[in-house]
Amino acid sequence: MILGVVLPSIAQTGGGRDFMRNEYMDIALIYYGQKKYLSWNEQELTPYVTHKFVDGHTDWLFPAFLYINLVDNNNALFTYNPHKNDVKYARQAEWQWYLNRLFETNSGLYSLNNCIEQNKRLLGTPKFRHKIIITIPYPIIGQNDWGKINNRKLNLKNNDSRMKAIRWFVQSFIDRFNKAGLNNIELEGFYWLPEAIRYDDDMTIIPQVSDYLHSLGYKFYWIPYYGAMKATAWAKYGFDYAYFQTGYCLNANTTEQQFIDRVTKGKKASMGMELEFSEKYFQKPDPFAQRLEYLIDYYEKNGLFENCAMTYFLGHKVLIEFNHSKSAAAHRLIDRLAGHIVARQPFNNKAYTSPTLAPGTGDNNKVDVNNNNTNNTTRRRLVPEDWHF
């Protein structure tokens, strides 16, 4: 626990209703496609598929993965940017490029499947089937050069034409996935990429996408940001699962109270939560290391690990950084989080209690991401200056 931090409970902050639950309670976000992202070969995926604990044992980690791509190698966007006018948006050719990237050998979905296969030799067959969720590129309203379907030019002038583009992408993915022979992963559903619902056309088309996916037997996912329009009305638009962002471990200007308010808002709307941290954890000075520890403390105290489905924004390669870290404190902290993820796996039903560490072994110590730890025998409240707001 962070030194002397008094953690308020959701009951104390006025939380109502229950968090959203899911059979697959933990979903890792994998940013894949553009060349700036990792290639996600088997070695790079290993710290996301399995976790080696400090005591030496290894277990399966994330049971599900959401593949996201925001832009192609020529800066064509797969989502809408309301803040700029001179933006190049992805067309059918870029959507096809994204499909091809997902099915590249030695990368993409093949690497995930092979990584699971390799680890089955060490850990045996998991009790669950690993699931994948695929991002649907956003069809830009009014785009007049999107492409062709059945040799007929398609302009995205209305929702009928936008739905044709979405159906083309979804069916193209399903056809290729069914032929790929990926025996260790199962397609769970699709993800709506824009993090807010801003336009009347989107308010109409999102339920249509939901109906279409449900007719095929797939689920519909969404992760709105904390200030997003229509975020708490997610069920009205046909999403099966929605997860609320807090931004707490990504933005040093987000206060504890803002974090708590966002968790409470997500709970009142019966949403899941997105747990976010990135390579910023290893920056010096280290306000983000302190924040991640506070977040895990808060989630443990308030029962989120028992009751709340979560997605995980993990930067570009933060679990790889943890895997290579020489910091004992960092390894203890990621072990705490991994312990909860393992306990929450489908059909696992393990109980996990965060370890109570003796004084001087980590729990009473301030996190130091570069050294083992710094001894602090006196607990004190961290003030904003400690987090460098």
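Refer to the structure presented above.
Cut-offs used in this document
- Residues numbered from 1 in each chain as written.
- Predicted model: local features only at pLDDT ≥ 70, side-chain atom pairs only at ≥ 80, totals over all residues.
- Heavy atoms only, no water.
- Helix = DSSP H or I, 4+ residues; strand = E, 2+ residues; numbered from the N terminus.
- Buried < 20%, exposed > 50% of the residue type's maximum accessible area, 1.4 Å probe, protein only.
- Contact = heavy atoms within 4.5 Å.
- Areas by Shrake-Rupley, 256 points an atom, 1.4 Å probe, with all protein chains shown as cover.
- Pairing = 2+ DSSP bridges.
- Right-handed = clockwise from strand over helix to strand, strands pointing away.
- Patch = residues over 30% accessible without salt bridge, like charges linked within 9 Å, V, L, I, M, F, W, Y side chains within 5 Å.
- Salt bridge = Lys/Arg side-chain N within 4 Å of Asp/Glu carboxyl O.
- Lys, Arg positive; Asp, Glu negative; His and termini not counted.
- Charge placed at Lys NZ, Arg CZ, Asp CG, Glu CD.
- Axes fitted to C-alpha atoms, helices over the stretch in contact; angles between N-to-C directions.
- Core = buried A, V, L, I, M, F, W, Y, C linked by side-chain atoms within 4.5 Å.
- Phe/Tyr/Trp six-rings, centres within 6.5 Å; stacked < 30°, edge-to-face > 60°.
- Lys NZ or Arg CZ within 6 Å of the ring centre and 35° of its normal.

Q: Lay out the overall build of the chain in plain terms, naming residues and giving numbers.
A: When you go through the chain residue by residue, the secondary structure sums to 11 helices and 12 strands. A burial count over the chain gives 58% of its 389 residues as buried. In the chain, 75% of the contacts between residues at least 6 apart in sequence involve partners at least 24 apart. In the structure as shown, the chain presents an accessible area of about 16700 Å², 46% of it carried by carbon and sulfur atoms.

Q: How would you sum up the pairing of strand 9 (residues 219-222)? Please name residues and give values.
A: Relative to strand 9, strand 8 (residues 185-192) runs parallel, the two sharing four bridges. In the strand pairing of strand 9, W192 is matched with W222. Note on the crossover from strand 8 through helix 5 (residues 200-216) to strand 9: the handedness is right-handed. Where strand 9 lies against strand 10 (residues 241-244), two bridges are found, and the strand directions are parallel. By the bridge assignment for strand 10, Y221 is matched with Y241.

Q: Talk me through a positive patch on the surface; I want residue IDs and the actual numbers.
A: Positive charge collects at one region of the surface, where R152, K157, K164 and R167 lie side by side. Tracing the chain through its elements places K164 in helix 4 (residues 159-179).

Q: I'd like to hear about the sheet that holds strand 10, residue by residue, with values.
A: The strand order 1-4-5-8-9-10-11-12 describes a closed barrel built from eight strands, whose pairing is parallel. For this sheet the average axis-to-axis angle between neighbouring strands, irrespective of direction, equals 30°. The sheet contact formed by strand 5 (residues 130-136) and strand 8 spans seven bridges and is parallel. Across the sheet, residue I136 finds its bridge partner in strand 8, namely W192.

Q: Can you lay out the environment of A242 for me, pointing to particular residues and giving the numbers?
A: Relative to the assigned elements, A242 resides in strand 10. Given a relative accessible area of 0%, A242 falls into the buried group. C-alpha of A242 to C-alpha of A269: the two residues are 27 residues apart in sequence and 9.7 Å apart in space. With residues near it in sequence (within four places) discarded, A242 still touches M20, W222, W234, M271 and G272.

Q: Before we move on, can you summarise the environment of F128 with the specific residues and values?
A: You can see F128 is positioned in the loop between helix 3 (108-123) and strand 5. Among the residues examined, F128 registers a relative accessible area of 5% and is labelled buried. Those residues in contact with F128 that lie beyond four places of it in its chain are Y24, W60, P63, Q345, P346 and F347.

Q: Give me the nonpolar core: which residues, what numbers.
A: Nonpolar side chains in soluble globular proteins tend to be buried together. Core analysis: the biggest nonpolar cluster contains 125 residues, and Y67, F173, F277 and Y299 have the highest contact counts within it. Contacts of Y67, omitting those with residues within four sequence positions, involve I30, Y32, Y98, L102, G108, L109, L112, I132, I133, I134 and T135.

Q: Could you give me a rundown of the packing of aromatic side chains, with the residues and numbers involved?
A: Evaluation of the coordinates by the stated rule reveals 36 aromatic pairs. When the centroid spacing of 4.8 Å and the interplanar angle of 15° are considered together, the rings of W222 and F239 count as stacked. Pair noted here: W222 is in strand 9 and F239 is in the loop between strand 9 and strand 10, with a separation of 17 residues, a long-range link. Both residues of the pair, W222 and F239, belong to the buried class. These aromatic residues form a ring-pair network of at least three members: F78, W95, W97, Y98, W146, W168 and F169. Across the ring face of Y248, the terminal group of R291 is positioned such that the distance to the ring centre comes to 4.5 Å.

Honestly, that's just the spatial picture; any functional story needs more than this.
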